[in-house]
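For reference, the chains in residue letters:
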Amino acid sequence: MTHGSPSAANRKAVMRLVDRVAMVEPGIEVAIDFVDAKSADVAAAVAAAGESDAVIVPLTLSAGYHVRTGLAFGLERIGGGVRLAAELGPDDRLVGILAERLADAGLEDGDAVLLAAAGSNDPRAVRECFETARRLGHRLGRPVTVGFIASAIPRLPDAMEMIREVHPGTRIAVAAYVLAPGTFYDAAAAMGAELITEPLIAPGRPVPPALVEVVLDRYDAVEAERHHYA
């Protein structure tokens, strides 16, 4: 499950991920539903589109209000056997993809790394993005700053301005912490950093196997819990 009104490129990229998940696990019936996060009842929309015992894996890198509150409470309210899996991040496998994307983009030793995340009004989702930056910094052996494209502070342009004030002349390498091409990625790319990575699902590239693993792990965790209490 993903939310919003995706662009054609975004929709195509997410569908490639779903197709890959279905290919890796042919025994699981896999479907995708693009849910409008502004809907008055996201849970009802998802439940109406799925089976009564479905597992919903939100294809979001962090879980904001619409997943943790709107969708989770909505599913509880309508009852039934539909279960909600955890969001995809933070996860070290996603951090590995980010590090690979930075290397491919031409990251150099003196560059300042800035994690560009979509942002959320949910403070837990914001903390998850900072945790991802911490893990990426540990992997790269250098600090990683966070900037949010929307709905959280520091905003991406402010984070870039701070880096340029503190480290004048330093190149800024933006690690785009977005799942696929679309509005958020376009906004990050327009900020004028010296280099920016491709999204996790990049056009013209295979879907990262590690990303498929994360999706399946979120599904397996719900199934394991279901069988434990059965």
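Source: prediction; values computed, not measured.

**A few points about the overall build of the chain**
Link 1 in the chain: A count of helical and extended segments in the chain gives 8 helices and 8 strands.
Link 2 in the chain: For the chain, the residues scored as buried account for 46% of the 230 residues in total.
Link 3 in the chain: Nonlocal contacts in the chain, meaning residues at least 24 apart in sequence, comprise 74% of its contacts between residues at least 6 apart.
Link 4 in the chain: Accessible area of the chain: about 11400 Å², with a carbon and sulfur share of 53%.

**Things to note about the environment of Leu-88**
Link 1 in the chain: Mapped onto the secondary structure, Leu-88 falls in the loop between strand 4 (83-84) and helix 4 (92-105).
Link 2 in the chain: The exposure class of Leu-88 is buried, given its relative accessible area of 0%.
Link 3 in the chain: When the C-alpha positions of Leu-88 and Leu-211 are compared, they lie 8.5 Å apart, and in sequence the two are 123 residues distant.
Link 4 in the chain: Not counting the four nearest positions on each side in its chain, Leu-88 is found in contact with Val-57, Pro-58, Leu-59, Thr-60, Leu-61, Leu-94, Leu-179, Leu-211, Val-214, Val-215 and Arg-218.

**Description of the environment of Pro-6**
Link 1 in the chain: Within the secondary structure layout, Pro-6 lies in the loop between strand 1 (2-3) and helix 1 (8-24).
Link 2 in the chain: Note: C-alpha distance between Pro-6 and Ala-180 (174 residues apart in sequence) is 9.8 Å.
Link 3 in the chain: Once residues lying within four places of it in the same chain are set aside, the contact partners of Pro-6 are Arg-11 and Phe-34.

**Quick notes on the pairing of strand 6 (residues 144-148)**
Link 1 in the chain: Of all 5 residues making up strand 6, 4 are buried, and the element is well covered by its neighbours.
Link 2 in the chain: As judged from the 5 bridges shared by strand 5 (residues 112-117) and strand 6, these two strands associate in the parallel manner. Residue Leu-114 lies in a different strand from strand 6, and its bridge partner there is Thr-145.
Link 3 in the chain: Crossover handedness for the path strand 5 to helix 5 (residues 123-140) to strand 6: right-handed.

**Here's the deal with the packing of aromatic side chains**
Link 1 in the chain: Considering all chains together, one arrives at 1 aromatic pair under this definition.
Link 2 in the chain: With 5.8 Å between their ring centres and 65 degrees between their planes, Phe-130 and Phe-148 make a pair best called edge-to-face. Linking Phe-130 in helix 5 with Phe-148 in strand 6, this pair joins segments that are 18 residues apart in sequence.
Link 3 in the chain: Judged by its relative accessible area of 38%, Phe-130 falls in the partly exposed class.

**Remarks on the side chain of Thr-197**
Link 1 in the chain: By the secondary structure assignment, Thr-197 is in the loop between strand 8 (195-196) and helix 8 (209-229).
Link 2 in the chain: Using a relative accessible area of 0% as the deciding quantity, one classes Thr-197 as buried.
Link 3 in the chain: Contact partners of Thr-197, with chain neighbours within four places excluded, come to Arg-101, Leu-102, Ala-105, Val-174, Ala-175, Ala-176 and Tyr-185.

Cut-offs and rules
Residues numbered from 1 in each chain as written. Predicted model: local features only at pLDDT ≥ 70, side-chain atom pairs only at ≥ 80, totals over all residues. Heavy atoms only, no water. Helix = DSSP H or I, 4+ residues; strand = E, 2+ residues; numbered from the N terminus. Buried < 20%, exposed > 50% of the residue type's maximum accessible area, 1.4 Å probe, protein only. Contact = heavy atoms within 4.5 Å. Areas by Shrake-Rupley, 256 points an atom, 1.4 Å probe, with all protein chains shown as cover. Pairing = 2+ DSSP bridges. Right-handed = clockwise from strand over helix to strand, strands pointing away. Phe/Tyr/Trp six-rings, centres within 6.5 Å; stacked < 30°, edge-to-face > 60°.

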